Amino acid sequence: MFRMAREAPHDALRVATRLSIGFALDLVKLGGFGRDVIDGLLLAAISQANVAQITRDPELQRLYARLDQPPPDELRRPVSINAVANSLRIPFETARRRVAALIEIGAVQSVPRGVIIPTAPLTSPAYKAVAEAYYQLVRNLYVRLRGIGLLDELPKPRVGGFDPANPPVRLVLRLSSNYILRLAEPISLHIGDLVSGLILLEMFQANTEHLPDTEGGRADGDWSPDSFVDDAHRRPVRAAALSERLGIPPETTRRRLARLLKDGRCERIEDGYVVTSRVLAKELLVKFVLDNQSQLYRLYAALADLGVVAEWEHEIQSLQGAA
């Protein structure tokens, strides 16, 4: 759960709900390199399994932190397609078919003990652009959460900062990818299958993305995710728009929407689909929101521990001083 500064407004957690869901979806879409969100998650799962030993070791994290410092292939551990499917809670046949397509285009390589994403694609201009975009998303969300009074109690760094001219882009990418992959379990547990969960989150995002970070709310102590936003302010989204935003086939989107409607996860009105306040107040969705916020705090706590947040704070203070 986020830790709030004493002066933070009571509705800060509700605003953080919107920001964190939009952030998670942006990361998933970026990771697909123009393909759909499931391919993006598969690539993230393979990559993270390949470099798990680096993610667990602070020294290796910092050694291979910068964009010009990709880990060598000998440090990458292969992962089986079955393990990837299990980690994402998707059918093995779906994972096998999609990974085969990724192998065919050269994004993934098959090796004797499984699959890896080799160094070569991870040094391409396209990959570097995505990695830098990841870094900016993670940094910008930190600034926005800090602006509404959250994340003031992060741990102090155990190690020194980074050179501003060479930011730790790969380090941030690895940790933020871990955050994304950890969401597969609560999505499946509290919402349904992974694809339905992503469609529901995208619907929520489309309903509320126009609202400012300063959107006001009740201060009556009755916390339910985003309930302070009146349903009249939510913008409905059509099935075709959801399909396009996620890169999921229209028929798949319609089928999953029918299931979400039947399960009471969303509502359909004349102009499209909405995740209403009544739906958001349901226990399972509340649990998902809390799990998501806990994982997001874990991400920023790890970044703080490794000195990344301290560097961001220095940049923020420098900009404020210049102003």
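Residues numbered from 1 in each chain as written. Predicted model: local features only at pLDDT ≥ 70, side-chain atom pairs only at ≥ 80, totals over all residues. Heavy atoms only, no water.

1. A few points about the overall build of the protein chain
Next, step 1: A count of helices and strands for the protein chain gives 15 helices and 4 strands.
Next, step 2: Burial status across the protein chain gives 54% buried among its 323 residues.
Next, step 3: Put simply, 79% of the contacts in the protein chain that link residues at least 6 apart link residues at least 24 apart.
Next, step 4: Looking at the protein chain as shown, the accessible area adds up to about 14500 Å², and 52% of this sits on carbon and sulfur atoms. (Helix = DSSP H or I, 4+ residues; strand = E, 2+ residues; numbered from the N terminus. Buried < 20%, exposed > 50% of the residue type's maximum accessible area, 1.4 Å probe, protein only. Contact = heavy atoms within 4.5 Å. Areas by Shrake-Rupley, 256 points an atom, 1.4 Å probe, with all protein chains shown as cover.)

2. Quick notes on helix 11 (residues 239-246)
Next, step 1: Taken together, the buried positions of helix 11 are Ala239, Leu242, Ser243 and Leu246. The buried residues of helix 11 occupy one face: seen down the axis, they fall within an arc of 100°. In helix 11, the exposed positions angled more than 90 degrees off the buried face are occupied by Ala240 and Glu244.
Next, step 2: Of the surrounding secondary structure, the elements contacted by the buried residues of helix 11 are helix 1 (12-31), helix 2 (37-50), helix 10 (194-208), helix 12 (250-262) and strand 4 (272-274).
Next, step 3: Directly beyond the C-terminal end of helix 11, a positive phi value near 75° is found at glycine 247. (Arc of directions from axis to C-beta.)

3. A word on the pattern of salt bridges
Here the idea is simple: oppositely charged side chains can pair when their charged atoms come close.
Next, step 1: Taken as a whole, this structure holds 16 salt bridges when the rule is applied.
Next, step 2: A salt bridge links aspartate 36 to arginine 98; the shortest N-O distance between them is 2.9 Å. Separated by 62 residues along the polypeptide, aspartate 36 in the loop between helix 1 and helix 2 and arginine 98 in helix 6 (residues 92-104) bring together distant segments of the chain.
Next, step 3: For arginine 98, a relative accessible area of 19% gives the class buried.
Next, step 4: A salt bridge links aspartate 73 to arginine 76, with the nearest nitrogen and oxygen atoms 3.5 Å apart.
Next, step 5: When its relative accessible area of 35% is taken as the criterion, aspartate 73 is described as partly exposed.
Next, step 6: The network of salt bridges with shared partners includes Lys29, Glu202, Glu209 and Arg245. (Salt bridge = Lys/Arg side-chain N within 4 Å of Asp/Glu carboxyl O.)

4. Observations concerning the confidence of the model for the protein chain
Next, step 1: In this model, the protein chain carries a mean pLDDT of 85, and residues with pLDDT of at least 70 account for 89%.
Next, step 2: Note on residues 4-10: pLDDT under 50 across the span, and 15 contacts to partners over four residues away in sequence or across chains. (pLDDT = per-residue confidence, 0-100.)

5. Comments concerning the side chain of glutamine 53
Next, step 1: Position of glutamine 53 relative to the elements: it lies in helix 3 (residues 52-56).
Next, step 2: A polar contact is formed between the side chain of glutamine 53 and the side chain of arginine 77, at a distance of 3.0 Å. (Polar contact = N/O pair within 3.5 Å; in protein donor to acceptor, adjacent residues only side chain to side chain.)

6. Overview of the packing of aromatic side chains
Here the distance between the centres and the angle between the planes together describe a pair of aromatic rings.
Next, step 1: Scanning all chains against the criterion turns up 4 aromatic pairs.
Next, step 2: Between tyrosine 142 and tyrosine 300, the aromatic rings sit 6.0 Å apart at their centres with planes inclined by 40°, giving tilted as the arrangement. With tyrosine 142 in helix 7 (residues 125-147) and tyrosine 300 in helix 14 (residues 283-305), this residue pair connects regions lying 158 residues apart in the sequence.
Next, step 3: Here the basic side chain of arginine 62 rests over the ring of phenylalanine 162, its NZ or CZ set 4.4 Å away from the ring centre. (Phe/Tyr/Trp six-rings, centres within 6.5 Å; stacked < 30°, edge-to-face > 60°. Lys NZ or Arg CZ within 6 Å of the ring centre and 35° of its normal.)

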